[in-house]
Amino acid sequence: MPRPVLRAVAAIIGLIALGSFGLGVATAPSRGRLPGERSDGQATAVQAVEATPLSQERIEGPPPPPEPTPEELAKLEAEKKAREEAAAAARLAAEQAAAPKLDPATPGPVPPPDRVGDLLANPPPPPPAEDPPF
């Protein structure tokens, strides 16, 4: 945009800002009120219905959980051991299901070809010596 147009737009924005400030000062009441103050100048107490004092638990935090009894500890250990045994049995079943069943008459699976060795033995040709198009 040309410079004179930018100056005109800036001047218009400045005039609007000064005009709105002037109108705000001109229409403001002569004496403002604070929140909770009545228009006749007497202050009223604001009643906070939802305010409750903090309890000691909120200040210090919740009390620590009670120590488990020996019977509870034994029960937790038994549950943990049962979960570990179930996980081991499931893992063993999954391994047996995933294991290939080989027939002695058929040969085993054929390994994939060695592509890295092929690349090392036969490297690709070097790029052309001319400059790239870009």
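Residues numbered from 1 in each chain as written. Predicted model: local features only at pLDDT ≥ 70, side-chain atom pairs only at ≥ 80, totals over all residues. Heavy atoms only, no water.

**Q** Before we move on, can you summarise the overall build of the protein with the specific residues and values?
**A** When helices and strands are counted, the protein shows 4 helices and 0 strands. In the protein, the order of α-helices and β-strands from amino to carboxyl end is α-α-α-α. Across the 134 residues of the protein, 1% fall into the buried class. Accessible surface computed for the protein: about 13100 Å², of which carbon and sulfur atoms make up 64%. (Helix = DSSP H or I, 4+ residues; strand = E, 2+ residues; numbered from the N terminus. Buried < 20%, exposed > 50% of the residue type's maximum accessible area, 1.4 Å probe, protein only. Areas by Shrake-Rupley, 256 points an atom, 1.4 Å probe, with all protein chains shown as cover.)

**Q** Can you tell me about a nonpolar patch on the surface, naming the residues and giving the values?
**A** Residues Met1, Val5, Leu6, Val9 and Ile13 make up a contiguous nonpolar surface patch of roughly 490 Å² in combined accessible area. Among the secondary structure elements, Val9 is positioned in helix α1 (residues 3–27). By relative accessible area, which is 40% here, Val9 ends up partly exposed. (Patch = residues over 30% accessible without salt bridge, like charges linked within 9 Å, V, L, I, M, F, W, Y side chains within 5 Å. Salt bridge = Lys/Arg side-chain N within 4 Å of Asp/Glu carboxyl O.)

**Q** Please set out the confidence of the model for the protein residue by residue, giving values where relevant.
**A** The predicted coordinates of low-pLDDT regions are not to be read in fine detail. The predicted model of the protein averages 81 in pLDDT, with 83% of residues at 70 or higher. Confidence, read as mean pLDDT per element, is least for helix α2 (residues 56–60) in the protein (74) and greatest for α1 (96). (pLDDT = per-residue confidence, 0-100.)

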